[in-house]
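# Examination of the molecular architecture
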Amino acid sequence: MSLESLIFDVDGTLADTEKDGHRVAFNAAFSAAGLDWHWDEVLYGKLLMVTGGKERMKYYIDEFRPDYQKTADFGEMVVQLHASKTRYYTDLLDQGRIPLRPGVLRLLQEARAAGLRLAIATTTTPANVSALLRNAIAPEAESWFEVIGAGDVVAAKKPAADIYDYVLKQMAIQPANCLAFEDSENGIKSSLGAGLATVITVNGYTKDHDFDGAAIVLDQMGEPGQPFSMLSKTTVNGANYLDLSLLQHLYQGRS
Ligand code: XBP
Ligand code: MG
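Reading guide: rules and limits
Residues numbered from 1 in each chain as written. Chains lettered and ligands numbered in written order. Predicted model: local features only at pLDDT ≥ 70, side-chain atom pairs only at ≥ 80, totals over all residues. Heavy atoms only, no water. Helix = DSSP H or I, 4+ residues; strand = E, 2+ residues; numbered from the N terminus. Buried < 20%, exposed > 50% of the residue type's maximum accessible area, 1.4 Å probe, protein only. Axes fitted to C-alpha atoms, helices over the stretch in contact; angles between N-to-C directions. Parallel < 35°, antiparallel > 145°, perpendicular 65-115°, else oblique. Left-handed = near helix turned anticlockwise from the far one by under 90°. Contact = heavy atoms within 4.5 Å. Nonpolar A, V, L, I, M, F, W, Y, C, P; charged D, E, K, R; others polar. Domains from an automatic or database assignment. Buried area = accessible area lost by both parts, 1.4 Å probe. Salt bridge = Lys/Arg side-chain N within 4 Å of Asp/Glu carboxyl O. Phe/Tyr/Trp six-rings, centres within 6.5 Å; stacked < 30°, edge-to-face > 60°. Lys NZ or Arg CZ within 6 Å of the ring centre and 35° of its normal. Donors = N, O, S within 2.8 Å, 3.2 Å for Na, K, Ca; no water.

Outside of glycine, negative phi angles account for most residues, and trans bonds account for most peptide bonds. Here Lys158 and Pro159 are connected by a cis peptide whose omega angle stands at 15°. By the secondary structure assignment, Pro159 is in the loop between strand 3 (147-149) and helix 7 (162-171). Here Ala172, not a glycine, exhibits a phi torsion of approximately 50°, which is positive. Summarising the element assignment, Ala172 is placed in the loop between helix 7 and strand 4 (178-182). A relative accessible area of 69% places Ala172 in the exposed class. Positive phi outside glycine occurs at Asn237, with the angle close to 50°. Mapping Asn237 onto the fold places it in the loop between strand 6 (216-218) and helix 9 (244-252).

Before going further, it helps to examine the packing of helix 1 (residues 18-32) against helix 4 (residues 74-94). Two elements in contact, helix 1 and helix 4, have axes separated by 8 Å at closest approach and are oriented at 130°. For the element pair helix 1 / helix 4, the angle class is oblique. For the element pair helix 1 and helix 4, the recorded crossing hand is right-handed. Across the interface between the two elements, Asp20, Gly21, His22, Val24, Ala25, Phe26, Ala28, Ala29, Phe30 and Ala32 from helix 1 touch Leu81, His82, Ser84, Lys85, Tyr88, Tyr89 and Leu92 from helix 4. Taken together, the residues of the contact of helix 1 with helix 4 sort by class into 11 nonpolar, 4 polar and 2 charged.

What the domain assignment lists for the protein is domain 1 (5-16 + 99-252) and domain 2 (18-94). In this structure, domain 1 and domain 2 have C-alpha centres spaced 25 Å apart. Facing the 16 residues of domain 1 at the interface are 20 residues of domain 2. A buried area of about 1400 Å², summed over both sides, lies between domain 1 and domain 2, and 48% of it is on carbon and sulfur atoms. Looking at the side of domain 1 facing domain 2, the largest losses of area belong to Asp11, Asn128 and Tyr205, adding up to 39% of the total buried there. Along the contact surface separating domain 1 from domain 2 lie 3 salt bridges. Of the charged contacts in the structure, one is a salt bridge between Asp152 and Lys54, with a shortest N-O distance of 2.9 Å. Ranked by residues supplied to the side of domain 1 that touches domain 2, first place goes to helix 6 (residues 126-136) with 6 residues.

For the structure shown, the criterion picks out 14 aromatic pairs. Aromatic pair Phe30 and Trp37: ring centres 5.1 Å apart, planes at 65°, arrangement edge-to-face. Given the relative accessible area of 3%, Trp37 is considered buried. By the ring-pair criterion, three or more aromatic residues cluster together here, those being Phe26, Phe30, Trp37, Trp39, Tyr44, Tyr59, Tyr60, Phe64, Tyr68, Phe74 and Tyr205. A cation over a ring is seen here: Lys85 above Phe26, with NZ or CZ 4.5 Å from the ring centre. The ring of Tyr251 has Arg254 sitting right over it, with the charged end atom 3.8 Å from the ring centre.

Here the magnesium ion (ligand 2) is held by the protein donor atoms Asp9 (OD), Asp11 (O) and Asp183 (OD), which lie 2.1 to 2.2 Å from it. Sequence positions of the residues that donate to the magnesium ion (ligand 2) give the spacing D-x1-D-x171-D. Here Asp183 lies in the loop between strand 4 and helix 8 (185-193) and Asp11 lies in the loop between strand 1 (5-8) and helix 1, a separation of 172 residues in the sequence. Across the pair, exposure class does not vary: Asp11 and Asp183 are buried alike.

Written as structure tokens, this is what we have:
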């Protein structure tokens, strides 16, 4: 077996999009619709338990707003709010507000140079992925990825394995030839469920999540001169940033 492909989550993994991106865009959409819904940073951490923006809004009303009287068209209202949120979110990205996390661009460039096949498996809306890639990498960066599996293309979002299964099928590749990159418990449940060895980089919202079964858990991918901290007990042969040789080492040692 050899390492042929890297499959990346987007939100929280490629970029810290949740607190200053998605959350801000949800609040802008709520306010524009005249709703008194507001998601502060702490509440948003709890809402992240549910992936998918439409699903998250429904969860918020069901769990946190027993006072809210749903109307018959509630489902359609959520769809409209979500479309509005997507516009606010992609506008934020078009303003260049959200950069990639440390080491992400370097690792993508190294992987491309080595001929690895790249793909994306995410819960977020396809337009959000396009906006992040064109603004944080390059106008043509979508073409770096052979398959972009996103949003409602599968019926069940993470933690279900469906989005990874979808991407693997599109690529006609076996999970044993790939590594996945995730940042959250829902994410690793999904990737492990699809049989993928998984590299974790945590963020503020996910640092206390359960990453049992991960190939390695890091605070960030790191850069030369900006070392990662390791949160798992993994041998890394002295490496202090994530590069292809460390990925090969993790890949060889995967269980
Ligand atoms: C990402 C998400 C997404 C975004 C919102 O999870 O949960 O729902 O927060 O995106 P993951 P949409 O990183 O595990 O894929 O509003 O476009 O659904
Ligand atoms: Mg994520």
